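Fold and contact review
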Amino acid sequence: MPVGNTRARLLLTDLDIPPPSRSGMQTLSNQVSAKMTRLNTINMREKIEAVKSFNEKGGAVNPNIINVAVDGRYNSITIGHSKKPGQAASQAIGIACETNTKHKYILSAVMQNKLCWQGAWLRGKGFTVNCPGGHEDYTANLPVHAPLSEYDMGKSIGTELALQNVLIKYATTDGDGRSAAGIEDSLKILHPIWSVERLADPSHLAATQFRHCYNAKFSDEMFPGKTRLEKGKVKKILSQDVKARCSLIMTTLFENYCGNTEEMRKRLPKVLESTIRCYDGDCSMCRSHSVVCLGGITNNWWNRSMYLASNKVDSLNMNENDKSILSEILKIRISEAALEKTKFQTNTQKCEAINRSLSVSLPKNVNNERNAMGRLSSTILRSNDGIKSATEQKAKLLGAPLSPKTRYSLRQIERESLYHREYQTRPEVQRQALLLRGRKLREFREYKNYCAVESGYKKGHLDQPSTADDTLQDHSYSK
C-alpha cells in the first residue's frame, strides 16, 4: 500500500484501535514484499504469453516479436546534488510496456538500488561490510558510487524478456534514454544479427521542439512589442503555437492516410514550405498544402490558433535568417527523419502513468531500502489486472480471502476508475477542455491588459551582488 508502517499505526490509533508493534509490522512487510514480487513476476510472464497469443491470432509471422515502450524513473528530482558527489538519486526503475495490444501491459520492470538498511546499520556498528554481497539479506544491487544507467536497465530488461523467447524489434523511448541500445546488446547475445530500432515519443519530440523554438536566436525585429519583455512573451506564444500546430499536422496526416507513411512522405516538403510561408504572412499555398490552414481572411491559422488568436498575434516580421531557423525547428516534427521515428505513433505515456502511480507508492522524498521492489510489484500488478483482481490475488496469496461485500465494493471502485478513464478520452470532453483552455488564455490576456502588474519574482535577485552592468539588462520601464 502507499501507506507505510508509521502512517498505518497512526491511522489505527486515530480509530482507537491499538496498533501492532513497529518491528512486527516491519517483519511482516518484508515477508509480504517478497511474496508480492514473486506474484507480479508470474503475472508478467502470463501477460507475455497473452501478447504472444494475440500476435498469433492476428496472423503475425513470428508471434514472439513484441514491441515495447521503455522509460526510467529516479528517486530524486534533480540529477546532481549540492552536498554529495555523483548522482543525487540512489534508486532507478526501468519500465517496459508492450505496444502490440490496447492494454499496454507492463512486461518487465527492473530496479537499480544503492540502498541497504542492514549494511548501513552494520557499518554504523563498526563492521567493515560492502554492499552488494558483503552480508546476508542485502537489498542493494549496485555499489554506492556506481552510476545509475538506463542503458544497463535496458540490458536487464532485454535479458529478462529474451529468457522467455521474446524478440523486440521496435523500442519507443524519450530523447535522453539509452534503453533501446541496452536491449539490443542483450538480445545479440542469443541472436547476433538481431537489431532493435529506436522510435521516438511524439510528446517528447513536441517538448523538444518547444524548447528549441523558445531558445532560438531570432532577430529582434521579428516579434511585435516595444520592450524585450514584450517580445519574449510573443516568442513564448510562437513556441507554444509551433508545438501545437506541428502536432495537429502530423495527427491529421496519420488520420487522412491511415498511417501510410509513403504517401505522407511525399506531402511533407510542401507542408513544410507552406507552414513557413503561413507564419510569414503568405497563405497562398495553405489551402492546398498546409493541412491545418485554409487561407483567406477568416479561416486562416492566425484566427484558428488558440495561442495566436487569444493573444492577438497576427503577424511576424521574419528575415531570411529567421525563416531558416524556423525551418529547422519545424523539421523536428515535419520531416522524413521525424516521420520515420514516429511511424507507428507509439509513445511512452503508459510508462509515464506508471511513474505517476509510483510517486504515490514510492515517493521521492522517502527512502524505501527494503520493500521498494514489493511496492513496485504491487503497483504494476494493479495496473495490469485492475484494482479488484489485483487485490483479490494479493489477499488470496496471503491466506486472507476477501468477503463478498468487500469484493462488491472493490468492483464499484474499479468501475468508477474505468469510467473516469474512459470519460477523459471522449471527443466531446477533449473538445470542451480545449475550449476551456482557450477561454483561460483570453481571460488572462484581458486581465494583464487591465491590470499590468508583474509578480516581481526573480530568482536570487536579493542575493546577487550589484554591478554596473545590472542597468543594462533591460529597460526600467518594462519592469
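For the protein chain, the name recorded in an unreviewed UniProt entry is Mutator-like transposase domain-containing protein, with Patella caerulea as its organism.

**A few points about the overall build of the protein chain**
Along the backbone of the protein chain there are 18 helices and five strands. Each principal axis of the C-alpha distribution contributes one length, and for the protein chain these read about 70 × 65 × 50 Å. Taken across its 479 residues, the protein chain has 40% of its residues classed as buried. Nonlocal contacts in the protein chain, meaning residues at least 24 apart in sequence, comprise 67% of its contacts between residues at least 6 apart. A total of about 28000 Å² of accessible surface is found on the protein chain, and carbon and sulfur atoms cover 54% of it. Computed over 70 positive and 49 negative side-chain charges, the inter-centroid distance for the protein chain is 5 Å.

**Overview of the sheet that holds strand S1 (residues 68–74)**
Within the open sheet, the five strands sit side by side as S3-S2-S1-S4-S5. Their pairing is mixed. Taken across any chain shown, the strands that pair with only one partner, and hence form the sheet edges, are strand S3 (106–113) and strand S5 (197–200). Each adjacent strand pair in this sheet contributes to an overall mean axis angle of 25°, direction not counted. Alignment of strand S4 (residues 170–173) against S5, held across four bridges, turns out to be parallel. Within S5, the residue paired with Thr172 across the bridge is Leu199. Helix-sheet contacts for helix H2 (residues 22–57) involve strand S2 (91–98) and S3, and the interaxial angle to S3 is about 145°. Where helix H15 (residues 372–385) meets the sheet, its contacts fall on S2 and S3, and the angle it forms with S3 comes to roughly 165°.

**Topic: unusual backbone geometry**
Backbone torsion omega between Cys131 and Pro132 reads 5°, so that peptide bond is classified as cis. Looking at where Pro132 falls in the secondary structure, it is placed in the loop between helix H3 (117–124) and helix H4 (150–162). A positive phi angle, close to 60°, is found at Asn165, a residue other than glycine. By secondary structure assignment, the location of Asn165 is in the loop between H4 and S4. Of note in this structure, Cys258 is not a glycine but carries a positive phi near 55°. Examined against the element boundaries, Cys258 turns out to sit in the loop between helix H7 (228–256) and helix H8 (261–279). Cys258 gets classed as exposed once you look at its relative accessible area, which sits at 71%.

**Some thoughts on a nonpolar patch on the surface**
Together, Leu11, Leu15 and Ile17 make up an exposed nonpolar region whose accessible area comes to about 280 Å². By secondary structure assignment, the location of Leu11 is in helix H1 (residues 5–14).

**Some points on the side chain of Lys394**
Note that Lys394 resides in helix H16 (residues 387–397). Here Lys394 is in contact with Met36, Leu39, Ser378, Leu381 and Arg382, once residues within four sequence places are set aside.

**Quick word on the packing of H16 against helix H17 (residues 404–424)**
Angle between the axes and distance between the axes: these two values describe a pair of packed helices. Direction vectors running N to C along H16 and H17 enclose 145°, while the axes themselves pass 8 Å from each other. Of the residues in H17, those in contact with Ile387, Lys388, Thr391 and Glu392 of H16 are Arg407, Leu410, Arg411, Ile413, Glu414 and Ser417. Tallied by class, residues from the contact of H16 with H17 come to three nonpolar, two polar and five charged.

**Quick notes on the side chain of His135**
With respect to the element layout, His135 can be found in the loop between H3 and H4. Not counting the four nearest positions on each side in its chain, His135 is found in contact with Cys116, Gln118, Gly119, Leu122, Val129 and Asn130.

**Remarks on the nonpolar core**
Grouped together as the largest cluster of nonpolar side chains are 38 residues, with contacts concentrated most on Phe218, Leu238, Val242, Tyr279 and Leu316. Every element with two or more residues in this core is listed here: H7, H8, helix H10 (301–304), helix H11 (306–310) and helix H12 (320–330). Per-element tally for this core: the top contributor is H7, with nine residues. The residues touching Leu316, leaving out its near neighbours within four places in the chain, are Met222, Phe223, Leu238, Tyr279, Asp280 and Trp302. Residues Val51, Ile66, Val70 and Ala96 belong to the second largest nonpolar core, which totals 28 residues.

**Quick word on the confidence of the model for the protein chain**
Summary statistics for the protein chain give a mean pLDDT of 89 and a share of 95% for residues scoring 70 or more. Across residues 471–479 the pLDDT falls below 50, and counting only partners more than four positions away or on other chains, this stretch makes seven contacts in the model.

Each value, and the rule that gives it
- Residues numbered from 1 in each chain as written.
- Predicted model: local features only at pLDDT ≥ 70, side-chain atom pairs only at ≥ 80, totals over all residues.
- Heavy atoms only, no water.
- Helix = DSSP H or I, 4+ residues; strand = E, 2+ residues; numbered from the N terminus.
- Buried < 20%, exposed > 50% of the residue type's maximum accessible area, 1.4 Å probe, protein only.
- Contact = heavy atoms within 4.5 Å.
- Areas by Shrake-Rupley, 256 points an atom, 1.4 Å probe, with all protein chains shown as cover.
- Lys, Arg positive; Asp, Glu negative; His and termini not counted.
- Charge placed at Lys NZ, Arg CZ, Asp CG, Glu CD.
- Pairing = 2+ DSSP bridges.
- Axes fitted to C-alpha atoms, helices over the stretch in contact; angles between N-to-C directions.
- Patch = residues over 30% accessible without salt bridge, like charges linked within 9 Å, V, L, I, M, F, W, Y side chains within 5 Å.
- Salt bridge = Lys/Arg side-chain N within 4 Å of Asp/Glu carboxyl O.
- Nonpolar A, V, L, I, M, F, W, Y, C, P; charged D, E, K, R; others polar.
- Core = buried A, V, L, I, M, F, W, Y, C linked by side-chain atoms within 4.5 Å.
- pLDDT = per-residue confidence, 0-100.

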